[in-house]
Each structure stands twice: as structure tokens, then as C-alpha cells.
Amino acid sequence: LSTWSGYVENWAHSDSLSSIYSYLLAQNFDEVYSVLQQWNNAGNQWLRRLSMVSLIHYSGKKAVFLPLDKVLPMLENCLDDERPYVQKAIGWVLREANYVYHAEISAFIEQRLADLRGIAFGAATERFSAAERSAYIERRKAMRAQSRIVSNRLEVSRETI
């Protein structure tokens, strides 16, 4: 079944196949997880998406979750990937894991607030309380404003050199 990943051309194929891989992961963790780790480092966006979405078996309140030490490194590895379907996968996995690991996911989001792209951030926090989400949004704005100030200072100092 791992060869089926080579035929994925869109998010619907990816997510349907991920549901099969998540079932296989639950049955044969070591073998399947090692394949997912390889895909997580691939250049192909669909393999990267498969590697993350397959980490959660089912979704919502019926979901089965791996320990976060198996999930978060896979997400962190893809934070710099600018492709929307990879970013959406990061956000979706964070959103679903939040059901079970709220404190840990909140801490992860807080630590990576500046690194999370808008698509991932939006999906990850869409089910947070309005107050919690608003607080994150305000901190993101402040971080981005600070980042722009630092970036502008660097440009000015380069121009004067």
C-alpha cells in the first residue's frame, strides 16, 4: 500500500489514503512510522501531507492519538514548507490533537507563534475559545510588528555600510 502514495495528486486523495495509513500505523507502528518519517522529509507535498495526516486515526472526539513526542517533530519539520496543503495538514493535526493534549498543544502554538504560517495557525486555533484565539492573534500581531521593526533596522544598517 505504500506505493499508492505515488499516485496522490490532490488533498482528497491524500486524506483518503491517510485514513488507511493511520489504520495501518495503529496495527504495525514501527514499520509504518518509519515510512511516514521518510515521507515527512520528502520534497513532494503530498508525501509530506500524508506523513502528518496519517498520524491521527479518525478525527474529532473519536480520534486515536499517538504520543506527542511522535507527532510534534513531524509537524516541526514542515513548518518552513510554504505550500498551503502542507500548512493545512500542520494546522489540522494540531487542531485534532488539541482534543486530548490541550495544554501541550497550546504551549507548542505559543512557542511557534511566529513560525506558524497563517493557514496552519487558523486551522490549529479554529476550535479554541474566542478569548484564547483572540489572545493568540494579538500576540502574533505584536510579534510580526516587532519582526518588521528589526528587519527594517537591519536594512538601514546594511545601507549605511
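Our structure's up above, just so we're on the same page.
Residues numbered from 1 in each chain as written. Predicted model: local features only at pLDDT ≥ 70, side-chain atom pairs only at ≥ 80, totals over all residues. Heavy atoms only, no water.

Caption draft 1: Just the environment of D80, in detail. Positionally, D80 belongs in the loop between helix 4 (68–77) and helix 5 (84–97). Sequence separation between D80 and D115 is 35 residues, and the spatial gap between their C-alpha atoms is 7.7 Å. (Helix = DSSP H or I, 4+ residues; strand = E, 2+ residues; numbered from the N terminus.)

Caption draft 2: Examining the nonpolar core more closely. Core analysis: the biggest nonpolar cluster contains 43 residues, and I90, L94 and I109 have the highest contact counts within it. Elements with a minimum of two residues in this core: helix 1 (11–27), helix 2 (29–40), helix 3 (45–53), helix 4, helix 5, helix 6 (102–111) and helix 7 (118–125). Among the elements that make up this core, the one with the highest residue count is helix 5 (6 residues). Contacts of I90, omitting those with residues within four sequence positions, involve M52, L75, C78, L79, L116 and A120. (Core = buried A, V, L, I, M, F, W, Y, C linked by side-chain atoms within 4.5 Å. Buried < 20%, exposed > 50% of the residue type's maximum accessible area, 1.4 Å probe, protein only. Contact = heavy atoms within 4.5 Å.)

Caption draft 3: Highlighting the layout of surface pockets. In this structure, the second largest pocket occupies an estimated 160 Å³ of space. As for the second largest pocket, its lining consists of S2, Y21, L24, N28, E31, V32, V35, L36 and W39. Elements represented by at least two residues in the lining of the second largest pocket include exactly helix 1 and helix 2. Among the elements that make up the lining of the second largest pocket, the one with the highest residue count is helix 2 (5 residues). In terms of residue class, the lining of the second largest pocket is made up of 6 nonpolar, 2 polar and 1 charged. (1 Å grid on protein atoms, 1.4 Å probe; cavity = no way out; pocket = protein on both sides within 12 Å on 5 of 7 lines; lining within 4 Å. Points joined across faces, edges and corners; volume = space filled by probe spheres on them. Nonpolar A, V, L, I, M, F, W, Y, C, P; charged D, E, K, R; others polar.)

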